[in-house]
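# Inside the fold
As a plain string of letters, each chain reads:
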Amino acid sequence: MTTTVYKAPYIVAYQGGGHRILRDGCVVVTNDRVTHVGPSYDGPADEVVDCPDRIITPGLISTHAHIAESPIDKSLQEDIGRRVFWQTGLIEVLPTIVKSMRPEDVEACVDYSMLELVRTGCTTVFAMDGASEYVADAVERTGIRAYIGDMYRSGAWRTTDGTRVTYTWDEEAGRAGLQRAIKTVESLDGRADGRIRGCLAPAQVDTCTEELLRASKEASDSLGAPLSLHASQSIVEFIEMNQRHGKTPIEWLESIGFLGPRTILGHAIVVAGSSYANYPGDDLALLANSGTSVAYNAWCFGRRGIVLETYPEYLRRGVNVCLGTDTAPQSMIESLRWTAVLGKVTGRNAEASTARDVFDSATLRAATALGRDDLGRIAPDAKADLLFWHTDSLFMTPVRDPIRTLVYAAQAEDLASVMVDGRWVMQDGTVRGISERDVLARLQRSAASVWERWPDADWAGRRLDELCPQTYPDFTE
Ligand SMILES: [Zn+2]
């Protein structure tokens, strides 16, 4: 047993059911857990570490990530929105990216994602991809905490003419995908001293059959594994589900018993009662009453002019809204900031969503979604997943209210060190065991090859520049 005492001028400590600001206090870590937090500590310790220029906070939790693909979104998914698909990139852009990626591109993305997540304060990531073995190895090497699941589905959407969306079905592939996913959960659980756990990730509400979703829920209940699904993420999907069932996607999920405290819905933006759907109903009550969580990815939608209506309203109605990183950049700092700011903009009220709301969503509410009262807080018996922020760096100065400064001003460089399970994952800005230069070079090569191969995967054989023109035209001779 090793016990270390960390003393700092600011600690975000858990007390009485919520976070508190502890000034001039200490956090005591024994092996992988916090054993004490308070103004002082008189017990035995192997080491006392003075951190006079640090703010210690709990690690942040991303409840929605696709780490094997998202880095390719950068400079490709912004500034474009196809009105025939109501702005979503799901129909024309995402399938083309996925089709264009080779295994080495997937690996380059995963390795880059590890860096990006750690350097922006993510200590637990909910990763839904199709490369669970490589992801698990990368997570184990890096030292972060993860829920890992291979996505599966019974069908897929596509367009062959740029206007219509058609679904092709292979129900047997869906069933086989679930069986593989169950094996993945069983094989991952407990790996890396329990840092890695499995999750079930049927892909989307409109690409999974009722049978597959019911079986996924049963498996989630019997394995005790979190269950994720993309739902109410586009108007295309909302209309499709309404045409199939005469219900909203969330009403339909409720009717087949899919909702519940272990269920995390990705996005849940196009809901009954929202201006996007123009469809009467109360999906928020179904989410709140069933204890279902929502993973909100504010930037991913904000960049297409789409926003939760509204983040503070969901909270007020009792929906457990968590935050995710989803697309590029995969930054929990950006996720905190965009969620807070867009909540204010949609509420036309500076007090509509606050630093406290978003920090709770990225910590305590995420822990609730994962069924973990040992994450997202600095308290005795909680896992020692800690962030050490500078007090005196460019964007953190001046510090009065550290959480507000963090949410509205911090950049990745303001995060000094990251601890997960009592071990350093990043120290003084350097992520352990990763050559940043090498990871960046590999990602650049992979992204360039995806851009190059774009016409082979695009339904109309277009070059990427035709679908997504560069910001300024080329300089001419
Ligand atoms: Zn997603």
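What counts, and at which threshold
Along every chain, residues carry numbers that run from 1 in the direction the sequence is written. Where local features are concerned, this predicted model is filtered to residues with pLDDT of at least 70; where side-chain atom pairs are given and counted, the filter is 80 or more; whole-chain, interface and lining totals use all residues. The side-chain figures draw on all heavy atoms in the structure; neither hydrogens nor water molecules are used. Domain segmentation is taken from an automatic or database assignment of domains. The contact definition used throughout considers only heavy atoms, calling two residues in contact when any of these lie within 4.5 Å. Two parts placed together each lose some accessible area; with a 1.4 Å probe, that loss summed over both constitutes the buried area. Between Lys or Arg on one side and Asp or Glu on the other, a salt bridge is scored when a side-chain nitrogen of the former is within 4 Å of a carboxyl oxygen of the latter. A run of H or I in DSSP becomes a helix once it reaches four residues, and a run of E becomes a strand once it reaches two; helices and strands are each numbered from the N terminus. Throughout this entry, Asp, Glu, Lys and Arg are counted as charged residues, while Ala, Val, Leu, Ile, Met, Phe, Trp, Tyr, Cys and Pro are counted as nonpolar. The remaining residues, Gly among them, count as polar. Coordinating donors are taken as N, O and S atoms within 2.8 Å of the metal, stretched to 3.2 Å for Na, K and Ca; because water is absent from the atoms, sites can appear incomplete. Burial status follows relative accessibility: with a 1.4 Å probe on protein chains alone, a residue under 20% of its type maximum counts as buried, one over 50% as exposed, and anything between as partly exposed. The disulfide criterion used throughout: a pair of cysteine sulfur atoms within 2.5 Å. In this scheme, a helix's expected span is set at 1.5 Å multiplied by one less than its residue total. Any N or O atom pair separated by 3.5 Å or less is treated as a polar contact, with the protein-specific requirement of one donor-capable and one acceptor-capable atom, and with residues adjacent in sequence counted only for side-chain atom pairs. Two rings belonging to Phe, Tyr or Trp (six-membered ring only in the last case) form a pair when the distance between their centres is within 6.5 Å. Interplanar angles under 30 degrees mark stacking, angles over 60 mark edge-to-face geometry, and anything in between is tilted. Remark: a charge is flagged as sitting over a ring if the NZ atom of Lys or the CZ atom of Arg is within 6 Å of the ring centre and within 35 degrees of the ring normal.

On to the domain arrangement of the chain, then. In terms of domain boundaries, the chain breaks down into domain 1 (3-58 + 380-431) and domain 2 (60-368). Just the C-alpha atoms count here: the centres of domain 1 and domain 2 sit 29 Å apart. In this assembly, 28 residues from domain 1 lie in contact with 28 residues from domain 2. Counting the surface lost from both domain 1 and domain 2, the interface buries some 2,200 Å², and carbon and sulfur atoms represent 65% of this. Considering only the side of domain 1, the residues that lose the most area to domain 2 are His 19, Val 407 and Tyr 408, jointly responsible for 25% of the buried surface there. Viewed at the interface, domain 2 and domain 1 are joined by 3 salt bridges. Asp 421 serves as the salt-bridge partner of Arg 145, at 2.8 Å between the closest nitrogen and oxygen. For the side of domain 1 that touches domain 2, the secondary-structure elements that each account for two or more residues are strand E1 (3-15), strand E2 (18-30), strand E5 (54-58), strand E17 (386-390), helix H14 (402-409), strand E18 (415-420) and strand E19 (423-427). The leading source of residues in the side of domain 1 that touches domain 2 is H14, at 6 residues. Partitioning the side of domain 1 that touches domain 2 into residue classes produces 19 nonpolar, 4 polar and 5 charged.

Let's shift gears to the coordination of the zinc ion. Surrounding the zinc ion are the protein donor atoms His 64 (NE2), His 66 (NE2) and His 230 (NE2), which sit 2.0 to 2.1 Å from the metal. Spacing between the donor residues of the zinc ion along the chain follows H-x1-H-x163-H. In this pair, His 64 sits in strand E6 (residues 60-65) while His 230 sits in strand E13 (residues 227-231), placing the two residues 166 residues apart along the sequence. For the pair His 64 and His 230, one class covers both residues: buried.

A word on the state of the cysteines. For the structure on display, the rule yields 0 disulfides. Free cysteine: Cys 208, not disulfide-bonded; nearest cysteine sulfur from Cys 199 at 14 Å. Here Cys 300 stays free of any disulfide, with the sulfur of Cys 468 as its closest cysteine sulfur at 15 Å. Taking the relative accessible area as the measure of exposure, Cys 300 reaches 15% and is therefore buried.

This part is about helix H11 (residues 332-347). Compared with an ideal rise of 1.5 Å per residue, which puts 16 residues at 22 Å, H11 spans 22 Å between its outermost C-alpha atoms and is within 8% of the ideal. Considered for burial, the residues of H11 that qualify are Met 332, Ile 333, Ser 335, Leu 336, Arg 337, Thr 339, Ala 340, Leu 342 and Gly 343. With a side-chain oxygen positioned 3.2 Å from the backbone nitrogen of Ile 333, the residue opening H11 is Ser 331. In the stretch just after H11, Arg 348 is the one whose phi turns positive, near 45°.

Evaluation of the coordinates by the stated rule reveals 8 aromatic pairs. For the ring pair Tyr 6 and Phe 388, a centre distance of 5.5 Å and an interplane angle of 70° mean the geometry is edge-to-face. A residue pair is termed long-range when its members are at least 10 positions apart, and Tyr 6 in strand E1 and Phe 388 in strand E17 qualify at 382 residues. Phe 388 matches Tyr 6 in its accessibility class, with the two residues each being buried. The cationic tip of Arg 244 hangs over the ring face of Tyr 167; the distance from NZ or CZ to the ring centre is 4.9 Å. The ring centre of Tyr 14 lies 4.9 Å from the NZ or CZ of Arg 377, which sits over that ring.

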